[in-house]
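Read off the chains here:
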Amino acid sequence: MTVFKSNRYTYVQVIDDDAEHTVVAVSNREAAVDVPNRARRPRPSRYRERGDRGDGFEKLVRLNRIAVVKGGRRFSFSAVMVVGDRNGHVGYGFGKAAYVADAIRKGSERARRNMVSVPLRAGTIPHQVNGVFKGAKVLLKPAAPGTGVIAGGPVRAVLEAAGVRDALSKSLGSQNSMNLVKAVFEGLGQIMEASEVAARRGKTVAELWR
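Residues numbered from 1 in each chain as written. Predicted model: local features only at pLDDT ≥ 70, side-chain atom pairs only at ≥ 80, totals over all residues. Heavy atoms only, no water.

The name an unreviewed UniProt entry assigns to the protein is Small ribosomal subunit protein uS5c, from the organism Geodia barretti. Database annotation for the protein, UniProt heading Subunit (unreviewed entry): "Part of the 30S ribosomal subunit. Contacts protein S4." If you open the UniProt record of the protein and go to Sequence similarities (unreviewed entry), you find "Belongs to the universal ribosomal protein uS5 family." (UniProt positions renumbered as here; feature names shortened; annotations may be inferred.)

**Q** Could you give an account of helix α3 (residues 177-188), with specific residues and numbers?
**A** Its 12 residues give α3 an end-to-end C-alpha distance of 17 Å, which sits within 8% of 16 Å, the value for a rise of 1.5 Å per residue. A large share of α3 lies buried, amounting to 10 of its 12 residues. Listing the buried residues of α3 in full gives Ser 177, Met 178, Asn 179, Leu 180, Val 181, Ala 183, Val 184, Phe 185, Gly 187 and Leu 188. The opening residue of α3 is Asn 176, an N-cap whose side-chain oxygen sits 3.1 Å from the backbone nitrogen of Met 178. (Helix = DSSP H or I, 4+ residues; strand = E, 2+ residues; numbered from the N terminus. Expected span 1.5 Å × (residues − 1). Buried < 20%, exposed > 50% of the residue type's maximum accessible area, 1.4 Å probe, protein only. Polar contact = N/O pair within 3.5 Å; in protein donor to acceptor, adjacent residues only side chain to side chain.)

**Q** Tell me about unusual backbone geometry, residues and numbers included.
**A** Unusually for a residue other than glycine, Arg 86 sits at a positive phi of about 60 degrees. Structurally, Arg 86 is set in the loop between β7 (74-84) and β8 (89-97). A relative accessible area of 40% places Arg 86 in the partly exposed class. Phi is positive for Ala 122, which is not a glycine, with a value near 55 degrees.

**Q** Summarise the pairing of β8; cite the residues concerned and give the values.
**A** Here β7 pairs with β8 via 8 bridges, running antiparallel. Counted as the bridge partner of Ala 79 is Gly 95 from β8. As consecutive antiparallel partners, β7 and β8 are separated by 4 residues, and within that stretch Arg 86 has a phi angle of approximately 60 degrees, a positive value. Both β8 and strand β9 (residues 116-117) contribute to a ladder of 2 bridges, which runs antiparallel. Paired with Val 90 across the two strands is Val 116, which belongs to β9. (Pairing = 2+ DSSP bridges.)

Structure, rendered in structure tokens:
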């Protein structure tokens, strides 16, 4: 067990050196982030919801534990964060630090600096898009009100943070969390504003949505 105490906060981590994974990490600054035990595959936990913080909504998509053995065994953590205002703005960020809370904070701060705008209509995306990043491929489709977000893991995190309430999705390639997040953002970047589509078709926005 490792304990670190700053001027304001205390961080505690319980580490299983044999299995090379963190059993639990807690602090009085952040909500507890636990990692699967040895009964499951010793992989880091993913998709932990942190909820509304007043200034937005953020989710921990994936937490990795990294071991550095050169010059002595040291451990650090990397976190993939997704933040949004649930009103058409969303971003993602990657943070790395010696402590879980610091990695999450860094990822969240970088995500907020890289937020993008997503055109939405009645709680869903206006048209179908395909996002591709390396081996990850994601299909996103609009859905009728009441359908909900039919997506898993990283894809759901991005859509919910952006404010999408109804959507259909399908992952067609790699399940790497970071690549999936980037593939979703590639897809969202292809969504066109209604005014742009209407102008191309020589119609008004009202005529387009009839």
